[in-house]
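Residue-level structural notes
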Amino acid sequence: PDVIGKYAPDAIIGKVGTGAAVAVAAPAAAGGKAAPLLEGKTRNWEKSEKNRKQRMDGEGKIGGWFGALAYMVLGFLKEILFTIVPQKNLVLTNDRVGLTRSAMFMFIFMIIHAVGNLHVFLGPDDFNG
């Protein structure tokens, strides 16, 4: 409670909805602190909305569920390639220590998790701990 008085001295503390209604002041017409910041600076979003509607209504060059599947696979492949290819530190050597270490880790990982999945066959008492 002492922190609120220190950092937010104008804060109103109490139950929500128990206070009296507060009138909102209208912004000043000649500028100043309460004037709107974007007076007269509006943007026409008509072209953007038209393009978005056209994109959302269409199905691309390949339509239907097959197109959706094709675009999903292409998206996955693109992300995988962009993850691997542009790396500047990719060096091909004959040193396979990292590959062997990764393979051993994956093998042990799979064995541990496969044994963990066998709890299903031991019944609900064992499975629930």
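Residues numbered from 1 in each chain as written. Predicted model: local features only at pLDDT ≥ 70, side-chain atom pairs only at ≥ 80, totals over all residues. Heavy atoms only, no water.

Considering the overall build of the chain
As a reminder of what qualifies: A run of DSSP states H or I qualifies as a helix once it reaches four residues; a run of E qualifies as a strand once it reaches two. Both are numbered from the N-terminal end. In this scheme, a residue with accessible area under 20% of its type's maximum is buried, one over 50% is exposed, and one in between is partly exposed, where area comes from a 1.4 Å probe on protein chains only. Per-residue and other accessible areas were derived by the Shrake-Rupley procedure at a 1.4 Å probe size, with only the shown protein chains allowed to occlude residues.
On a plain count of helices and strands, the chain comes out with 5 helices and 0 strands. Counted from the first residue to the last, the chain has its helices and strands arranged as α-α-α-α-α. Among the 129 residues that make up the chain, the fraction classed as buried is 3%. As presented, the chain carries roughly 13100 Å² of accessible surface, and 65% of it is formed by carbon and sulfur atoms.

Notes on the pattern of salt bridges
So the rule is basically this: Each salt bridge in this description consists of a side-chain nitrogen of Lys or Arg and a carboxyl oxygen of Asp or Glu lying within 4 Å of one another.
Scanning all chains against the criterion turns up 1 salt bridge. Where D57 meets K53, a salt bridge forms, and the shortest distance between an N and an O atom there is 2.8 Å. Of this pair, D57 and K53 both sit in helix 2 (residues 46-57), 4 residues apart, which is roughly one turn of the helix. Of the two residues examined, D57 and K53, each falls in the exposed class.

Quick word on the confidence of the model for the chain
Filter applied, for reference: Every residue carries a pLDDT, the predictor's confidence in it, which falls somewhere between 0 and 100.
Per-residue confidence for the chain gives a mean pLDDT of 78, with 74% of residues at or over 70. Within the chain, the lowest mean pLDDT, 76, falls on helix 5 (residues 124-127), and the highest, 89, falls on helix 4 (residues 97-117).

What about the packing of aromatic side chains?
Each aromatic ring pair is characterised by the separation of its centres together with the angle its planes make. We count it as follows: Centres within 6.5 Å are what make two rings of Phe, Tyr or Trp a pair, Trp counting through its six-membered ring; a difference in plane orientation under 30 degrees is then read as stacked, over 60 as edge-to-face, and the rest as tilted.
Counted according to the given criterion, the structure contains 2 aromatic pairs. Plain terms: the ring middles of W65 and F66 are 6.2 Å apart, the flat faces sit at 90° to each other, and that makes the pair edge-to-face. Relative accessible area serves as the criterion here: at 67%, W65 is assigned to the exposed category. Relative to F109, the ring of F105 lies with its centre 6.0 Å away and its plane at 35°, an arrangement referred to as tilted. Here F105 and its partner F109 are both found in helix 4, 4 residues apart, which amounts to about one turn of the helix. F109 sits in the partly exposed class, given a relative accessible area of 39%.

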